[in-house]
Amino acid sequence: MTVHRTRLHRTPRRVVAAAPTQDAANRPGHAARLVARLSSERGDVPGWVLITLMTAGIVVALWAVASDQIVQIFENAMAPFLGGSL
């Protein structure tokens with residue numbers, strides 16, 4: 001097996017002087033480009049929906065199998081805070 005070395009630092013970038021005539025925020029169309037770029041970022045909605053559904057399925061399956069034990073664990077954990085009466 002061969003192990004290759006990688007570079008762990010970035011090479012310095014050259015600094016380019018900005019044009020002194022106009023600020024980047026004041027250019028026409030800058031806001032429109034920003035809004036278009038932000039609206040195109042949809043994210044991973046199907047992945048989050050799948051994770052949520054799988055989590056709900058695991059909770060339902062555990063509750064169906066061990067509901068009495070889960071209730072007993074909860075009651076034991078809450079008893080010191082409620083003065084022993086639950």
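A quick note: this is a predicted structure, and the numbers were derived from the prediction, not measured. (Residues numbered from 1 in each chain as written. Predicted model: local features only at pLDDT ≥ 70, side-chain atom pairs only at ≥ 80, totals over all residues. Heavy atoms only, no water.)

(A) Examining the overall build of the chain more closely. Each helix and strand in the chain was counted, giving 2 helices and 0 strands. In the chain, buried positions account for 1% of the 86 residues. Just so you have it, the chain exposes about 8,800 Å², and 64% of that area is on carbon and sulfur atoms. (Helix = DSSP H or I, 4+ residues; strand = E, 2+ residues; numbered from the N terminus. Buried < 20%, exposed > 50% of the residue type's maximum accessible area, 1.4 Å probe, protein only. Areas by Shrake-Rupley, 256 points an atom, 1.4 Å probe, with all protein chains shown as cover.)

(B) Structural context of helix α2 (residues 45-78). With 34 residues, α2 ought to run about 50 Å at 1.5 Å a step, yet its terminal C-alpha atoms sit only 36 Å apart, falling short of that. Approximately 90° is the largest bend angle found in α2, and it occurs at A66. (Expected span 1.5 Å × (residues − 1). Bend = angle between axes of the 7 residues up to and from the residue.)

(C) Molecular detail of a nonpolar patch on the surface. On the surface, a cluster of nonpolar side chains totalling about 450 Å² of accessible area is made up of I58, L62, W63, I70 and V71. Structurally, the position occupied by I70 is in helix α2. The class of I70 is partly exposed, set by a relative accessible area of 32%. (Patch = residues over 30% accessible without salt bridge, like charges linked within 9 Å, V, L, I, M, F, W, Y side chains within 5 Å. Salt bridge = Lys/Arg side-chain N within 4 Å of Asp/Glu carboxyl O.)

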